[in-house]
Structure formats: C-alpha cells, structure tokens
Amino acid sequence: MTKFSEFGLDEKIVKSVKRMGFEEATPIQEKTIPIGLEGKDLIGQAQTGTGKTAAFGLPMIQKIDQKNQNVQGLIIAPTRELAIQVSEELYKLSYDKHVRVLAVYGGSDISRQIRSLKKKPQIVVGTPGRILDHINRRTLKLDHVETLVLDEADEMLNMGFIDDIESILKEVPDERQTLLFSATMPDPIRRIGERFMHNPELIRIKAKEMTALLIEQFFIKVHEKEKFDVLSRLLDVQSPELAIVFGRTKRRVDELSRALDMRGYVAEGIHGDLTQAKRMSVLRKFKEGKIDVLVATDVAARGLDISGVTHVYNYDIPQDPESYVHRIGRTGRAGKEGMAITFVQPREMGYLRTVEQTTKKRMQPLKPPTWDEAFAGQLRVATEKITEIITEENLADYKAVASELLENYDASDIAAAMLKMLAKEPDQTPVHITEERPLPARYGGKGKGGGGGNYRGGKGGGYRDRNNSGKGRRGSGSGSRDRRGNGGKGNYSKKSK
Ligand code: ADP
Ligand code: MG
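Each value, and the rule that gives it
- Residues numbered from 1 in each chain as written.
- Chains lettered and ligands numbered in written order.
- Predicted model: local features only at pLDDT ≥ 70, side-chain atom pairs only at ≥ 80, totals over all residues.
- Heavy atoms only, no water.
- Helix = DSSP H or I, 4+ residues; strand = E, 2+ residues; numbered from the N terminus.
- Buried < 20%, exposed > 50% of the residue type's maximum accessible area, 1.4 Å probe, protein only.
- Contact = heavy atoms within 4.5 Å.
- Areas by Shrake-Rupley, 256 points an atom, 1.4 Å probe, with all protein chains shown as cover.
- Phe/Tyr/Trp six-rings, centres within 6.5 Å; stacked < 30°, edge-to-face > 60°.
- Pairing = 2+ DSSP bridges.
- Right-handed = clockwise from strand over helix to strand, strands pointing away.
- Salt bridge = Lys/Arg side-chain N within 4 Å of Asp/Glu carboxyl O.
- UniProt positions renumbered as here; feature names shortened; annotations may be inferred.
- Axes fitted to C-alpha atoms, helices over the stretch in contact; angles between N-to-C directions.

Student: Tell me about the overall build of the chain, residues and numbers included.
Tutor: A count of helices and strands for the chain gives 19 helices and 14 strands. Counting the 497 residues in the chain, one finds 54% classified as buried. At a minimum sequence separation of 6, the contacts of the chain that also span at least 24 residues come to 80%. Counting every atom, the chain has about 23200 Å² of accessible surface; 51% of that belongs to carbon and sulfur.

Below you can see the structure in the form of structure tokens.
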C-alpha cells in the first residue's frame, strides 16, 4: 500500500488529500498516479467507487501551473451529476494549491457559466454537449490544454457521445496527455485509445474475489404481476437502512416511486428525464438519509458516489451481466455487508444464469415473504425503536403521564398500543404498475460481448466511505421512519454484526 506522501506530489496537494481523510492510495490510484505524473497516456479500468477521480485528478493538479491563466486540464464526463461530482472532488484535492476548477454542463444557465469561464478556470470539467457549445461560442479555449481526461468512457459511448468527443478532441493540442477511465473496457473504447492516444498504458484492476463475498446475492422467482407486493413485503421484512430499487425504464421508475410512496415508504425516483435540479435534490436527500428507497434506472445511478446502501433490489433483472455487477456494486462498499435481491420472471431464468456465469457466483433462491413475515418484520423494527428510546433518551418529562396511563390500563395493553402506533402494517393499498414484458427468451446463455476476459468480479472494494462519513447520516431523533433496526431473525433480515 502506498501513502500519498510517497508519490512525489506537491506538499500542498498531500495536505489536501490528508484533509479529505484519505490515508492510503487505492489500487487504481497506486498504479496510475505514477504513470500520470510521468506524463504518459493511460487507460485505467476499475470499477465504480474505487477512486478513479483522484487517480487522474492528482497528476492533473500536480501539473497545473498556477500562474498560467489558461485552461490546462479538461475532463469530459457523461452526465451533469458526474461532472459536478468530479469538480467537487478536484476542488477539494486542489484546495491548498488553489487551482481554479469549474464545471460546465447542460441544463444550467449558460450566461452564468460564461461569466465563470471569464474568471479563468485552470481545470474545466464538463459534459460533451455543453463543452462543445462553449467551444462554438468561443467562451472556452482549449489550445493550452495539457491534460485531457475521458471519465466513464464506456458510459459516454453508451450515451452516444462519441462524435461530440471527437469534435472536442480536435480542439485540444495533439501533444497533450490523455487519460481515459472506464469501468468496463469494450472494444470501441480500446479503439478510442488507439486512435486518440499515444501508446497508452493499460491498467486494469480486477476486483478481489473476497470483496464480492460481502454482498449476499439472492433471487426471487416472481411473476410480473406479483412483483410489487413482493417488493413491499421485502421492504417491511428487511427494513433496509438505505435501499436502491432498479427498474428497467423511466416509466417504471416513476410508477414504482409513486406506488412505494402510496404504501408509506419514503421513496423517490431518479432518471434522465428529470430536471437537473430535481435529480440533485433527490440525490442529496438520499445521501442525507431523508429517503429510504431510491428508485433508479441504470444510467441515472451510474457512477454516482452514493455510500451506505445496504440493499439493492433489482425489480427487473438487467439485460446484461455488466449492469448487474454495477447495480449490486452500489452496496457492500468499504468492507460493509450488503444484500442484493433480483426479481426474475420464470421465463427470464436464462438471464439469471448468464449473470451467474459472469459473477462466478450463484444467487441463492429466496421465497417471497408472507404477509405474516412482513408484519413480524415491522413489529421487530418498532420494538427496536422502543428499546432504543428507553435506553438512549431522557424520558423524565413523560413519566408522570405514563404512570397515569399505567393506573388506568394494563401495561401490556399500553405496550401493544405503542407497537400498533409505531409498526406499519404491511400495506396493501392498490397501486398501478404497467406490466413490462419479460426479456426475450434466451437460449444458451452467453452474455453479449461474450468473449469474457473483462469481467471485474463483484464490487471493487469501494472506498466511498470516508472516515468521517456516517456522522451526519440519518440523524437520530429527527423523527419519522428511522429504519435503522436490523438484527433479528429470519431469512430476510440482514445479519446483525
Ligand atoms: P470512481 O470514479 O472510481 O467511481 P470516485 O473517484 O468517485 O470513484 O471515488 C469514490 C469515493 O472514494 C469518493 O468519495 C472519494 O472521495 C473516495 N476516495 C477516493 N480515493 C480514496 C482513498 N485513497 N481513500 C479513501 N477514500 C477515497
Ligand atoms: Mg468516477
């Protein structure tokens, strides 16, 4: 393990890194930072959550000449959220070196961005469309760019940004250093490497088998019509602290989040059609623990730095195994346990097997919980809540009235009433979810892009949980559904530590 002080980085940078609470470099950082510092081109592949931003950010920041007022570093990222996330991380990493970092992205007031660009940022992070827009308006000049980064390159490819990226590349001097980072390495990405880079070094970090073990993987065979009830009951039984439900389409995400809301869960959805402001606010609420369940499409959740997810529910089994790996990688981070449950329609079992071939791990079958189990789960949570209040809170102000109650009623009746108030009975409010057809039948079961070779097993030993995180999360006493409780018995509950 390498310490950040050993890379030969500017002392100020090391100081900022320390302030961020990073102690040791992650594997991808350890391998790529030295190459980045040498000025070589590089293709880095490692799963989401493994610290790729600092892997390219630190060498870039090191190279910035503060006296030079030009844009010297350009990072292209697929979505607004990622651009913002990367710029925030770079801002922190360069806090002591005082590098000016600016994010430009669509959906945000362009004249304000133009004003910010006039303040001479030295690093610009942006989405392809908006970068091009600024190039065309001549509000962004790239002829002094020395380091160019393509972040989440596979995702940019999926989203059809390849032409935009080519146009941007034409504006950047040829003798630049180019770094490409990607979670997967399909052929077209390799070709970009060949066309636009100079003998890039390829660094690939395979996820350790071990880390995948931290995610318990289950599947439930369920017909489309029954999925929603099964999901509700699972949520009741498992009381996840922080859960993500993945749906295949935007409509699904909308319908699911609405339906969950109707059944009393604190849920919100996120997908590409929402305004940027809305997406940001949903994410913020989720990170702060104000939402228990985030419903998302693959694309919307991709690459986002979300920590502390305890449960991933695949409401629809993903079509390709890579997505599965990404989805479940949202949990079990930083050495914590996580649980992933995938709904499979009977006709989709072939997809399940394909996923298993890729992850080299079998998913355990799980039976849908019954109403009784769901109810028991809710009672357990309520009991834990009461226990917590008894042991942790000052109840002096309540005691007088409590003894009055006790004079008039039987203690067990009072306790039962409290439980009834706190426990949420499994809710069967009718909801509407448009049926999706099962994925087309698949025989043989070789994943697309078969060939194998580029699998990054399980999750990548995420580093998302910084030492200081966790503190303000799910503030206690803030009332409403604090569903912290786990422990307990039964197949479904997450093991207590
Ligand atoms: P990726 O781009 O690979 O998905 P990120 O760069 O977004 O990963 O990093 C994920 C999280 O890990 C971020 O919150 C980041 O601040 C944190 N992180 C990065 N490097 C380290 C490190 N060496 N030690 C601890 N945390 C780190
Ligand atoms: Mg990233």
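Student: Run through helix 15 (residues 321-328), naming residues and quoting values.
Tutor: Of all 8 residues in helix 15, 7 are buried; the element is thus mostly enclosed. Here helix 15 has its buried residues at Pro-321, Ser-323, Tyr-324, Val-325, His-326, Arg-327 and Ile-328. Buried residues along helix 15 sit against strand 8 (215-221), strand 9 (243-246), helix 14 (298-301), strand 12 (311-314), strand 13 (338-344) and helix 16 (349-359).

Student: Tell me what's going on with unusual backbone geometry, and back it up with residues and numbers.
Tutor: Apart from glycine, the bulk of residues carry a negative phi angle, and the bulk of peptide bonds sit in the trans form. Phi is positive for Glu-152, close to 50°, though the residue is something other than glycine. Not every positive phi belongs to a glycine, and Ser-239 is a case in point at roughly 40°. Residue classification places Ser-239 among the buried residues on the basis of a relative accessible area of 2%.

Student: Mind laying out the packing of aromatic side chains, listing which residues take part and the relevant values?
Tutor: Summed over the entire model, instances satisfying the criterion amount to 6 aromatic pairs. A centroid spacing of 5.9 Å and a plane angle of 80° characterise the contact between Tyr-91 and Tyr-95, whose relative ring orientation is edge-to-face. By relative accessible area, Tyr-91 is classed as partly exposed at 46%. Relative to Phe-343, the ring of Tyr-315 has its centre 5.7 Å away and its plane inclined at 50°; by these criteria the two rings are tilted. In this pair, Tyr-315 is assigned in the loop between strand 12 and helix 15 and Phe-343 in strand 13, connecting sequence segments 28 residues apart. The buried category is assigned to Tyr-315, whose relative accessible area is 2%. Note on Phe-343: relative accessible area 0%, which makes it buried. Members of the aromatic cluster, joined through ring pairs, are Phe-4, Phe-7 and Phe-22.

Student: Which residues make up the pairing of strand 10 (residues 267-270), and what are the values?
Tutor: Side chains Ala-267 and Gly-269 of strand 10 all project onto a buried face; the interleaved residues Glu-268 and Ile-270 project onto the opposite face, where all are buried too. Here 4 bridges tie strand 10 to strand 11 (residues 293-296), and the two strands are oriented parallel to one another. Considered in strand 11, the bridge of Glu-268 is made with Leu-294. For the crossover from strand 10 across helix 13 (residues 276-287) to strand 11, the handedness is right-handed.

Student: Please give an account of the sheet that holds strand 10 that cites residues and values.
Tutor: With parallel pairing, 7 strands are arranged side by side in an open sheet as 10-11-9-12-13-8-14. Each edge of the open sheet carries a strand with a single partner, namely strand 10 and strand 14 (364-365). Where strand 8 and strand 14 come together, 2 bridges link them in parallel fashion. Within strand 14, the position partnered with Phe-219 by the bridge is Pro-365.

Student: Got a sec to walk through the pattern of salt bridges? Specific residues and values, please.
Tutor: Following the criterion strictly, the structure yields 24 salt bridges and no others. With its nearest N and O atoms 2.4 Å apart, the salt bridge here joins Asp-316 to Arg-252. Of this pair, Asp-316 sits in the loop between strand 12 and helix 15 while Arg-252 sits in helix 12 (residues 250-262); the two residues are 64 residues apart in sequence, bridging distant segments of the chain. Relative accessible area serves as the criterion here: at 0%, Asp-316 is assigned to the buried category. With a closest N to O distance of 2.8 Å, Glu-288 and Lys-290 form a salt bridge. Of the residues examined, Glu-288 reaches a relative accessible area of 35% and is grouped as partly exposed. Overlapping salt bridges bring together Glu-224, Lys-227, Arg-252 and Asp-316 as one network.

Student: I'd like to hear about the UniProt feature "short sequence motif: Q motif" (unreviewed entry) in the chain, residue by residue, with values.
Tutor: Taking the numbering used here, the UniProt-annotated feature "short sequence motif: Q motif" (unreviewed entry) corresponds to residues 2-30. Taken end to end, residues 2-30 is 45% helix and 0% strand, and its first and last C-alpha atoms sit 6 Å apart.

Student: Before we move on, can you summarise the sheet that holds strand 7 (residues 201-204) with the specific residues and values?
Tutor: Strand order in the open sheet formed by 7 strands is 3-4-2-5-6-1-7, with parallel pairing between adjacent strands. The open sheet has two edge strands with one neighbour each: strand 3 (101-104) and strand 7. Averaged over all adjacent pairs, the angle separating strand axes in this sheet is 15°, with direction ignored. As paired strands, strand 2 (residues 73-76) and strand 5 (residues 147-150) are joined by 4 bridges and run parallel to one another. For Gly-73, the partnering residue across the bridge sits in strand 5 and is Thr-147. Across the sheet, helix 3 (residues 52-63) is in contact with strand 2, strand 4 (123-126), strand 5 and strand 6 (177-182); its angle to strand 6 comes to roughly 165°.

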